[in-house]
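Chain residues, written in single-letter form:
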Amino acid sequence: MPDSPSEGDFLALVEAICGQDATLSPLGAGIIAAISEGIADDSRTFAKLFGIAHALVLRETNLLCGPQAPIEIVRRDARTQRAHLKLTVKGNILMAGVLDLGHIVAK
């Protein structure tokens, strides 16, 4: 993570994402922020970096996926259950809205 945001910047980004979409939990917003910022694009890496049980991250990931969802699973490892994630069009629009509001995270 050579250009990852500081902890404070990341938390501000998560809060801004939650402000843009009140249906998102802080964990869901954190997953979206981590994908957007290039911090973690799979469930196991996110769980390990943030000290959260992988099962909780997988459950939240499944809640965030769907036809009109901000993320999608592009690949899943059958042995580890690791889900590789990317932002959908809705996720990119959400992040563009957050960044347009001035919640820019230093890279």
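Our structure's up above, just so we're on the same page.
Quick look at the structure, then. (Residues numbered from 1 in each chain as written. Predicted model: local features only at pLDDT ≥ 70, side-chain atom pairs only at ≥ 80, totals over all residues. Heavy atoms only, no water.)

1. Brief notes about the pattern of salt bridges
Note that side chains of opposite charge can pair when their charged atoms are close.
Line of reasoning, step 1. Summed over the entire model, instances satisfying the criterion amount to two salt bridges.
Line of reasoning, step 2. Residue Arg82 pairs with Asp42 through a salt bridge whose shortest N-O separation is 3.1 Å. Here Arg82 is found in the loop between strand S1 (71–76) and strand S2 (83–87), whereas its partner Asp42 is found in the loop between helix H2 (26–36) and helix H3 (43–50), with 40 residues between them in sequence.
Line of reasoning, step 3. Assessed through its relative accessible area of 7%, Asp42 is described here as buried. (Salt bridge = Lys/Arg side-chain N within 4 Å of Asp/Glu carboxyl O. Helix = DSSP H or I, 4+ residues; strand = E, 2+ residues; numbered from the N terminus. Buried < 20%, exposed > 50% of the residue type's maximum accessible area, 1.4 Å probe, protein only.)

2. Topic: the packing of aromatic side chains
Line of reasoning, step 1. Counting across every chain of the model gives two aromatic pairs.
Line of reasoning, step 2. Relative to Phe50, the ring of Phe46 has its centre 4.6 Å away and its plane inclined at 35°; by these criteria the two rings are tilted. A residue pair is termed a helical-turn pair when its members lie 3 or 4 positions apart in one helix, as Phe46 and Phe50 do in helix H3 at four residues.
Line of reasoning, step 3. Among the aromatic residues, those joined into a cluster by ring pairs are Phe10, Phe46 and Phe50. (Phe/Tyr/Trp six-rings, centres within 6.5 Å; stacked < 30°, edge-to-face > 60°.)

3. Some thoughts on the pairing of S2
A regular strand carries its side chains on alternate faces of the sheet.
Line of reasoning, step 1. Of all five residues in S2, four are buried, a share of seventy percent or more.
Line of reasoning, step 2. Direction of pairing for S1 relative to S2: antiparallel, over a ladder of five bridges. Bridging from a neighbouring strand, Glu72 pairs with Lys86 of S2.
Line of reasoning, step 3. Between the end of S1 and the start of S2, which pair antiparallel, lie six residues, with Gln81 showing a positive phi angle near 70°. (Pairing = 2+ DSSP bridges.)

4. A few points about the side chain of Glu60
Line of reasoning, step 1. Among the structural elements, Glu60 can be located in helix H4 (residues 54–64).
Line of reasoning, step 2. No salt bridge is formed by the buried Glu60, whose closest oppositely charged neighbour, Arg59, lies at an N-O distance of 5.4 Å.
Line of reasoning, step 3. Excluding anything up to four places from it in sequence, Glu60 contacts Ser25, Leu27, Gly28 and Ile31. (Lys, Arg positive; Asp, Glu negative; His and termini not counted. Contact = heavy atoms within 4.5 Å.)

5. Some details on H3
Line of reasoning, step 1. Of the positions making up H3, those classed as buried are Ser43, Phe46 and Ala47. With its buried residues spanning 100° around the axis, H3 presents them on a single face.
Line of reasoning, step 2. Check the buried side of H3 and you find it contacts H2, H4 and S2.
Line of reasoning, step 3. In the stretch just after H3, Gly51 is the one whose phi turns positive, near 65°. (Arc of directions from axis to C-beta.)

6. Concerning the state of the cysteines
Line of reasoning, step 1. Counted according to the given criterion, the structure contains zero disulfides.
Line of reasoning, step 2. We note that Cys65 lacks a disulfide partner, and the nearest cysteine sulfur, in Cys18, lies 17 Å from it.
Line of reasoning, step 3. Classification of Cys65 by relative accessible area gives partly exposed; the value is 23%. (Disulfide = S-S within 2.5 Å.)

7. Digging into the side chain of His54
Line of reasoning, step 1. Within the secondary structure, His54 is located in helix H4.
Line of reasoning, step 2. Among the polar contacts listed, one links the side chain of His54 to the side chain of Ser43, at a separation of 2.8 Å.
Line of reasoning, step 3. A polar atom in the side chain of His54 sits 3.3 Å from the side chain of Arg44.
Line of reasoning, step 4. Apart from residues no more than four positions distant in its own chain, His54 is found in contact with Ser43, Arg44, Ala47, Thr80, Gln81 and Arg82. (Polar contact = N/O pair within 3.5 Å; in protein donor to acceptor, adjacent residues only side chain to side chain.)

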